[in-house]
Amino acid sequence: MIGDPFSAPASGGQSYVERSPVPALRGIVSSVWVQRVGRDAAPYVHRRIPNGAVELVCQVGSTPQVIGPLTEPLVEVLQPGTTIVGLRFVPGAFPVVAGQPASEVAGVALNAEQLWGRSAATLGEVVGTAASPHEALAAMQLHVRERAGASQPPDPLVSKVVHGLMPWRTVDVTSLRASLHISETQLRRRCHAAVGLAPKALHRLLRFQGFLALVQQAIARGRAATDDGLGLLALRAGYADQPHLTRECVRLTGVSPRVFVAETQRACACGHDHSASFVPVLRAETETHPTWA
């Protein structure tokens, strides 16, 4: 089970807390989380952005959903009193649990019963009757462990590709493909099956996750993410310039970087903890640019 408690939102507010998964899932799950909207809070607009991963989410009282990997933003309105538990698979790991290609769920949100039948409905019932979000999340992780069972690990070549395409590790897909001695067709086919996306598309999504990690780190430190300017932030995240970041941000979030950062600042400064996501991502930056740590 998770070692840290998931704090309730402040009165009239909302919270989002991520943690690392249980050790048995760390090869296939990158993080687990609980999102809560207070009973006295206003409806909360949640902008879910593409991140290259498949997520399993369950709103307490509902059937679990399998989401993504998204190719465009998904905006949801969460009503007061909502509690959601979820986990994010490592890109390329979903077939281990689902027994089917990730390409079959790319860009969509599906009722998990469509994939897993009665076991998904049972998971929803267990989550709905759990004594706390902590216990609900433990049940979800147990479900994933049981589904993975003695399955083969994720495609090792795709795992190398995902690692190589993480922010600050490579500048383009072509050089990575050459280092792996695989044809473009083979790489595209295997990445599409395991991740649900083509390598270049995954690279773009992961680069934006690097930008988001920088924003979340600044917020966690009590700073405005744009203190040093969006131009420098764009360069740090691996974009050619600020206009390049702007194009990608509008495509992936639906709004400009300035609006997106402001929205993120308002939401995350009120009870969000994304450290389980952004700390691992930023390790690569500090390895490449230690003076930026």
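Residues numbered from 1 in each chain as written. Predicted model: local features only at pLDDT ≥ 70, side-chain atom pairs only at ≥ 80, totals over all residues. Heavy atoms only, no water.

**Focus: the packing of aromatic side chains**
Moving on, step 1. Applying the stated rule across the entire model yields four aromatic pairs.
Moving on, step 2. On the numbers, 5.7 Å between centres and 70 degrees between planes, the contact of phenylalanine 89 with phenylalanine 94 is edge-to-face. Each member of the pair, phenylalanine 89 together with phenylalanine 94, is buried.
Moving on, step 3. Centre to centre, the rings of phenylalanine 208 and phenylalanine 260 are 5.7 Å apart; their planes meet at 50 degrees, and the pair counts as tilted. (Phe/Tyr/Trp six-rings, centres within 6.5 Å; stacked < 30°, edge-to-face > 60°. Buried < 20%, exposed > 50% of the residue type's maximum accessible area, 1.4 Å probe, protein only.)

**Here's the deal with helix H4 (residues 133–148)**
Moving on, step 1. If you check H4, its first and last C-alpha atoms are 23 Å apart, about what 16 residues at 1.5 Å a residue would give, namely 22 Å.
Moving on, step 2. Residues of H4 that are buried in the fold lie against strand E2 (29–37), strand E4 (55–59), strand E7 (83–89), helix H1 (94–98), helix H2 (113–116) and helix H3 (118–129).
Moving on, step 3. Among the residues trailing H4, glycine 149 stands out with phi positive, at a value near 45 degrees. (Helix = DSSP H or I, 4+ residues; strand = E, 2+ residues; numbered from the N terminus. Expected span 1.5 Å × (residues − 1). Contact = heavy atoms within 4.5 Å.)

**Brief notes about the nonpolar core**
Moving on, step 1. Val195, Leu202, Phe208, Phe211 and Phe260 are the most contacted members of the largest nonpolar core, which has 44 residues in total.
Moving on, step 2. Put simply, the parts of the chain that give this core at least two residues each are helix H5 (156–165), helix H6 (173–180), helix H7 (184–195), helix H8 (199–220), helix H9 (230–236), helix H10 (242–253), helix H11 (257–268) and helix H12 (275–288).
Moving on, step 3. For this core, the leading source of residues is H8, giving 12 residues.
Moving on, step 4. Excluding its chain neighbours within four sequence positions, the residues that come into contact with valine 195 are Gly52, Pro69, Pro91, Gly92, Ala102, Val158, Val162 and Leu202.
Moving on, step 5. By size, the runner-up hydrophobic cluster in this structure holds 31 residues, among which are Leu56, Ala112, Met140 and Ala148. (Core = buried A, V, L, I, M, F, W, Y, C linked by side-chain atoms within 4.5 Å.)

**Quick notes on empty space enclosed by the protein**
Moving on, step 1. Within this structure, the stated rule accounts for one cavity of 30 Å³ or more.
Moving on, step 2. Here the largest cavity defines a volume of roughly 50 Å³.
Moving on, step 3. Lining the largest cavity are Arg48, Ile49, Pro50, Asn51, Ala53, Glu55, Ile67, Gly68, Pro69 and Leu70.
Moving on, step 4. Within the lining of the largest cavity, the residues separate by chemical class into six nonpolar, two polar and two charged. (1 Å grid on protein atoms, 1.4 Å probe; cavity = no way out; pocket = protein on both sides within 12 Å on 5 of 7 lines; lining within 4 Å. Points joined across faces, edges and corners; volume = space filled by probe spheres on them. Nonpolar A, V, L, I, M, F, W, Y, C, P; charged D, E, K, R; others polar.)

**Observations concerning the pairing of E4**
Moving on, step 1. A large share of E4 lies buried, amounting to four of its five residues.
Moving on, step 2. Both E4 and strand E5 (residues 65–67) contribute to a ladder of three bridges, which runs antiparallel. Residue pairing for E5: leucine 56 is matched across the bridge by valine 66.
Moving on, step 3. A loop of five residues connects E4 with E5, the two strands running antiparallel in sequence, and glycine 61 in this loop sits at a positive phi of about 100 degrees.
Moving on, step 4. Across five bridges, E4 lies against E7 in antiparallel orientation. Bridged to glutamine 59 within E7 is isoleucine 84. (Pairing = 2+ DSSP bridges.)

**What about the pattern of salt bridges?**
Moving on, step 1. Taken as a whole, this structure holds nine salt bridges when the rule is applied.
Moving on, step 2. One salt bridge in this structure joins arginine 19 and aspartate 273, with 2.9 Å as the shortest N-O distance. Here the residue arginine 19 occupies a position in strand E1 (residues 14–19), and aspartate 273 occupies one in strand E9 (residues 272–273), the gap between them amounting to 254 residues.
Moving on, step 3. What makes aspartate 273 partly exposed here is its relative accessible area of 24%.
Moving on, step 4. In this structure, the salt-bridge partner of glutamate 76 is arginine 48, at a minimum N-O distance of 3.2 Å. Of the two residues, glutamate 76 is situated in strand E6 (residues 74–78) and arginine 48 in strand E3 (residues 44–48); the sequence distance between them amounts to 28 residues.
Moving on, step 5. For arginine 48, a relative accessible area of 8% puts it in the buried group. (Salt bridge = Lys/Arg side-chain N within 4 Å of Asp/Glu carboxyl O.)

**Focus on the packing of H8 against H12**
Each pair of packed helices gets described by two things: the angle between the helix axes and the distance between those axes.
Moving on, step 1. Running from N to C, H8 and H12 cross one another at 110 degrees; their axes reach a closest spacing of 9 Å. One finds that H8 runs roughly perpendicular with respect to H12. Remark: the crossing between H8 and H12 carries left-handed chirality. For the pair H8 and H12, the contacting residues are Gln209, Gly210, Ala213, Leu214, Gln216, Gln217 and Ala220 in the first and Phe278, Val281, Leu282 and Glu285 in the second.
Moving on, step 2. Of the residues contributing to the contact of H8 with H12, the split by class is six nonpolar, four polar and one charged. (Axes fitted to C-alpha atoms, helices over the stretch in contact; angles between N-to-C directions. Parallel < 35°, antiparallel > 145°, perpendicular 65-115°, else oblique. Left-handed = near helix turned anticlockwise from the far one by under 90°.)

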